[in-house]
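Tertiary structure, described
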Amino acid sequence: MRKAVLVVAGSVFAAMAPLVSACGGGGLSTTTPSSSSSSSSTSSSSASSSSSSSSSSSSSSSSSSSTSVTPSADVPAGYSLVWSDEFNGTGLPDAAKWSDDTNANTFDPGNGELEYYTAGRTQNEHLSGGMLYITAVKEDMTGQPNYAGQHYSSARIITRNKASWLYGYFEVRAMLPCGAGAWPAIWTLGTGGSWPSDGEIDIMEQLGKDPNTIYGTVHDTSNQPHNGDGNHTTAANACGSFHNYELTWTAETIQIAVDGVVYDTYTNAHTGTDQWPFGESQYLLLNLALGGSWAGSVDDGALPESMVVDYVRVYQKP
């Protein structure tokens, strides 16, 4: 979702990581195309390490939730559920579906982010009441691996090496945080491990300092000199109510939407993989970052705060 500014979790980067947050008023309204450079995905950071994820498309359906799922009205006709996490239970997220990504602790992707990503720690990631909470906390993690003096902890969880998909409809229902400096993200990275050449799709990025503005961005080799290709929209009361953050990805187009309203479309120009690396599988990432060149100063008084996720669902055509 976040990138390095060279611009994850908009589009500021060029090398790595993602995040969380929002609040507001009444409905969903699209805006004119905005600079995707505000996009925050961390692209290469988690793509660069063991992103040799090999499961593709429906091969990852084995981890679909055993819970009965009622599809939302936004699911396109002809698509069937192949994978989901409804976040039932307590404790940490399901280890068969998610792992912690702490790679960004070992380098500076260029975003100037301030968080330290932890692993297996319920203070930063836990299930409760059928929801996933990814929580940012003001604290020092002295003595932890690769700790570099950060004053905030958070979590980034990924499906790499557990599930990945080629094409589909992705729906994540979430409520975002509102504190200044929060930078939540829902995004995907290519399993090949190279960024931006394997591509990145930022399904949702938001900044606590502008909590109802939602960004969607596509990153690849052709557009990364411009910090990706994207747009933004408005989700009312994003930090006080849940919205569906959605991606419809086919061989010809990538469409990013909120609550069924498409606000960004990226089209396959058939000029090669520099412009369309999206003929290969991608895996999912959820994270909450803090601070940095795009998110700005952190309001310590707002912490701890969480991105709350109701479910993650992936649908594909049979």
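The preceding data block contains the structure.
These numbers were taken from a predicted model, which means no experiment stands behind them.

In terms of regular secondary structure, the protein chain is built from 2 helices and 18 strands. When the 318 residues of the protein chain are sorted by exposure, 59% land in the buried category. For the protein chain, the accessible area works out to roughly 10,700 Å², and carbon and sulfur atoms hold 49% of it.

This part is about the environment of V261. Inspection of the secondary structure assignment puts V261 in strand β16 (residues 261–267). In this structure, the C-alpha to C-alpha distance between V261 and T233, residues 28 residues apart in sequence, is 9.5 Å.

For E252, the position within the fold is in the loop between β14 (243–249) and β15 (253–258). Taking C-alpha positions, E252 is 5.9 Å from T267, a pair spaced 15 residues apart along the chain. Look past the residues within four positions of E252 in its chain and what remains in contact with it is Y266, T267, N268, H270 and W276.

Another aspect to go through is the state of the cysteines. Taken as a whole, this structure holds 1 disulfide when the rule is applied. There is a disulfide in this structure between C178 and C239, and the S-S distance comes to 1.9 Å. Judged by the sign of its S-S torsion, about -95 degrees, the bond between C178 and C239 is left-handed. In this pair, C178 is assigned in the loop between β9 (168–175) and β10 (182–190) and C239 in the loop between β13 (229–235) and β14, connecting sequence segments 61 residues apart. What makes C178 partly exposed here is its relative accessible area of 22%.

Cut-offs used in this document
- Residues numbered from 1 in each chain as written.
- Predicted model: local features only at pLDDT ≥ 70, side-chain atom pairs only at ≥ 80, totals over all residues.
- Heavy atoms only, no water.
- Helix = DSSP H or I, 4+ residues; strand = E, 2+ residues; numbered from the N terminus.
- Buried < 20%, exposed > 50% of the residue type's maximum accessible area, 1.4 Å probe, protein only.
- Areas by Shrake-Rupley, 256 points an atom, 1.4 Å probe, with all protein chains shown as cover.
- Contact = heavy atoms within 4.5 Å.
- Disulfide = S-S within 2.5 Å.

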